[in-house]
Every structure is written in structure tokens, then in C-alpha cells.
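One letter stands for each residue in the lines below.
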Amino acid sequence: MTISKRDTKLLLCLAGIVIFLLFYLLGYNHFNDLRDETEAATAALMPELEELRGYKANEEQYRIGIEDSNAVIEELSVRYPNDVRSEDQIMFASNMEKQVGLSVTSASFSEAVALLDFSGVSEQEDGSHQAIPLHAFSKGMSMSCSMTYPELKRALGYLYEQNNITALDSLTVSYDSATGELFGSMNIQNYYITGADDAYYPTQTPSFPTGTSNIFGTVTTAPNPAP
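Predicted, not measured: the structure shown is a model, and the values here were computed from it.

**Here's the deal with the overall build of the protein**
Right, so step 1: A count of helical and extended segments in the protein gives 4 helices and 5 strands.
Right, so step 2: Helices and strands in the protein line up, N terminus first, as α-α-α-β-β-β-α-β-β.
Right, so step 3: Counting contacts in the protein only where the partners sit at least 6 residues apart, residues at least 24 apart contribute 67% of the total.
Right, so step 4: Of the roughly 17,200 Å² that the protein leaves accessible, carbon and sulfur atoms contribute 58%.

**Remarks on the packing of aromatic side chains**
Right, so step 1: A full pass over the atoms with the stated rule returns 3 aromatic pairs.
Right, so step 2: Each ring, one from Phe92 and one from Tyr158, has its centre 5.7 Å from the other, and the planes form 45°; the classification is tilted. One end of the pair, Phe92, is in helix 3 (residues 86–100); the other, Tyr158, is in helix 4 (residues 149–160), with 66 residues separating them in the sequence.
Right, so step 3: In this structure Tyr158 comes out as buried when scored by relative accessible area, which is 15%.

**Things to note about the pattern of salt bridges**
Right, so step 1: One pass over the structure, following the stated rule, counts 6 salt bridges.
Right, so step 2: The partner of Asp36 in a salt bridge is Arg35, with the nearest N and O atoms 3.7 Å apart.
Right, so step 3: A cluster of three or more residues bridged by salt bridges with shared partners is formed by Glu60, Arg63 and Glu67.

**Here's the deal with the side chain of Thr166**
Right, so step 1: Positionally, Thr166 belongs in strand 4 (residues 166–176).
Right, so step 2: A distance of 3.1 Å separates a polar side-chain atom of Thr166 from the backbone oxygen of Asn164.
Right, so step 3: Here the side chain of Thr166 touches Asn190 through a polar contact of 3.4 Å, side chain to side chain.
Right, so step 4: When residues no more than four places from it in sequence are discounted, the contact partners of Thr166 are Phe92, Leu159, Tyr160, Ile188, Gln189 and Asn190.

**Describing the side chain of Asp88**
Right, so step 1: Tracing the chain through its elements places Asp88 in helix 3.
Right, so step 2: Of the buried charged residues, Asp88 lacks a salt bridge, with Arg85 as the closest side chain of opposite charge at 5.7 Å.
Right, so step 3: With near-sequence residues (within four places) excluded, Asp88 lies in contact with Asp83, Tyr200, Pro202 and Thr203.

**Side note on helix 4**
Right, so step 1: With 12 residues, helix 4 ought to run about 16 Å at 1.5 Å a step, and its terminal C-alpha atoms sit 18 Å apart, in line with that.
Right, so step 2: Within the span of helix 4, buried status applies to Glu151, Leu152, Ala155, Tyr158 and Leu159. Here the buried residues of helix 4 occupy an arc of 120° about the axis, which is enough to place them on one side. What points out from helix 4, more than 90 degrees from its buried face, is the exposed set Tyr149, Lys153 and Tyr160.
Right, so step 3: Buried residues belonging to helix 4 abut helix 3, strand 3 (129–147), strand 4 and strand 5 (181–194).

**Considering a negative patch on the surface**
Right, so step 1: The grouping of Glu74, Glu123, Glu125 and Asp126 at the surface amounts to a negative patch.
Right, so step 2: Note on placement: Glu123 falls in strand 2 (residues 113–123).
Right, so step 3: When its relative accessible area of 57% is taken as the criterion, Glu123 is described as exposed.

**Concerning the packing of helix 3 against helix 4**
Right, so step 1: One way to put it is that helix 3 packs onto helix 4 with a least axis distance of 10 Å and a crossing angle of 130°. In terms of axis orientation, helix 3 runs oblique to helix 4. Seen along the crossing, helix 3 lies across helix 4 with a hand that is right-handed. Facing Phe92, Asn95, Met96, Gln99 and Val100 of helix 3, the residues of helix 4 in contact are Glu151, Arg154, Ala155, Tyr158 and Leu159.
Right, so step 2: Across the contact of helix 3 with helix 4, the residue classes break down as 6 nonpolar, 2 polar and 2 charged.

**Structural notes on the nonpolar core**
Right, so step 1: Phe92, Met96, Leu102, Met143, Met147, Met186 and Ile188 are the most contacted members of the largest nonpolar core, which has 17 residues in total.
Right, so step 2: Contributing elements (two or more residues each) for this core: helix 3, strand 3, helix 4 and strand 5.
Right, so step 3: What Met147 contacts, discounting residues up to four positions off in sequence, is Leu102, Leu152, Glu181, Leu182 and Met186.

**Overview of the environment of Gly140**
Right, so step 1: Mapped onto the fold, Gly140 is located in strand 3.
Right, so step 2: Gly140 sits in the buried class, given a relative accessible area of 5%.
Right, so step 3: Through-space distance from the C-alpha of Gly140 to that of Asp169 is 8.6 Å; in sequence the pair is 29 residues apart.
Right, so step 4: When neighbours within four sequence positions are excluded, Gly140 is seen to be in contact with Gln89, Ser108, Phe109, Ser110, Ile188 and Gln189.

Criteria and thresholds
Residues numbered from 1 in each chain as written. Predicted model: local features only at pLDDT ≥ 70, side-chain atom pairs only at ≥ 80, totals over all residues. Heavy atoms only, no water. Helix = DSSP H or I, 4+ residues; strand = E, 2+ residues; numbered from the N terminus. Contact = heavy atoms within 4.5 Å. Areas by Shrake-Rupley, 256 points an atom, 1.4 Å probe, with all protein chains shown as cover. Phe/Tyr/Trp six-rings, centres within 6.5 Å; stacked < 30°, edge-to-face > 60°. Buried < 20%, exposed > 50% of the residue type's maximum accessible area, 1.4 Å probe, protein only. Salt bridge = Lys/Arg side-chain N within 4 Å of Asp/Glu carboxyl O. Polar contact = N/O pair within 3.5 Å; in protein donor to acceptor, adjacent residues only side chain to side chain. Lys, Arg positive; Asp, Glu negative; His and termini not counted. Expected span 1.5 Å × (residues − 1). Arc of directions from axis to C-beta. Patch = residues over 30% accessible without salt bridge, like charges linked within 9 Å, V, L, I, M, F, W, Y side chains within 5 Å. Charge placed at Lys NZ, Arg CZ, Asp CG, Glu CD. Axes fitted to C-alpha atoms, helices over the stretch in contact; angles between N-to-C directions. Parallel < 35°, antiparallel > 145°, perpendicular 65-115°, else oblique. Left-handed = near helix turned anticlockwise from the far one by under 90°. Nonpolar A, V, L, I, M, F, W, Y, C, P; charged D, E, K, R; others polar. Core = buried A, V, L, I, M, F, W, Y, C linked by side-chain atoms within 4.5 Å.

The structure is reproduced here in C-alpha cells:
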């Protein structure tokens, strides 16, 4: 069987058309699949896009809210020292005696208790902000004291007038009918936050004379005999 040149050309053209259609269909299906994947990915991102558009539309409101929140945080953060030590609490009791008039007869101190771990924001020198870990603690002090009723009221006011956050944990008093005074104990909690600036700034203490051999003032010397 012989095939003429004309038939050969027709067969070649037909074969070319078939090959073209095969490649076209394979490529078309592939691009269809890619299109479907792209549309699915776009649809999945649409809720996030709408959320970001909402943030952008309210950007100024958020900025004002952040500035207001930072102002409140800065105002409160200065009331939390970086550390509270027993010597700070001793000076607190001493100053309370002077300001209120009560008499502290004894004091005991408890170890610091961890309350909360949280994140804060620190502004860097270049104006950027960085998250830093912060840790909140409380440290207790129990004082036994004697006082009058007006002194008790002044003591409560003194506690809550402190610049540093101070709380009355518990109060127990009893009345002495013989003296007319109140005797009892106060459990006080001081709070502090570490992590931002861990430099310790001690409470200022008054100077005390040193170099005496009579620490408690109990040693007396006999007067010199008359010549």
C-alpha cells in the first residue's frame, strides 16, 4: 500500500494537531489546577485581609489608645520598686512610728513570694520597642505594736498614702482596759517588680553614731571620788 504525498502531508498535519491538542489539554488542566489552588489560598486569606483593613481604618484610634495605656502603665510602674528588702521594711516601721505615734515592739519578715510572670515593653535608644519578661513579687512584714484608737486610724491612712504599693494583709487588736490602749499586730505586704531595671535603690536611713562600747546604754560609770 502506498501513500501519496498529499495523504502524507494530511497525516502529518493531523498528527501535529493531535499533539498540539494533547499538550494544550495537559497544560490547560495544569493551569486550571493552579488557578483553583490560588483562588482557594486567596479565599482563605480574605478574612485576615478584612481584619487588617479594619485595623488600618482605625489606626489613629489604636494609636491614641496605646498612648493612653502607656501613660497609665508609666504612672503605675513608678509605684513598684525594683526590690524590697528587710532593711526597707524596718525603715517603713520606723517612719510609721514617727509619723503616727504608735510604738512597734517587734517585727518579723517573710521571704518574697512570686506572684506573676508577664511581658512588658521597653523602648530602645533607636525608638523601637522590645518585649521584656517581668516578674511581680510580694514581701510581707508582721509588726506587733501598741497604740491608741486615733493612732490606729492614722496608721491605716499612712499605709495607703505610700508612694510604693503597700497593702494591709491582716490586722488583729485587743483593748487593754487598764491602760486604755490597743495592742495587736499588723501584717503588711510590699510589692515590687523585677526585670525592667534591676538596680536596687535602698531606702535612705539616718546616720547612727558608731564606736561606742556601751551599745545599749546600760553601762554606767561611778563618779570620781572627791579629792
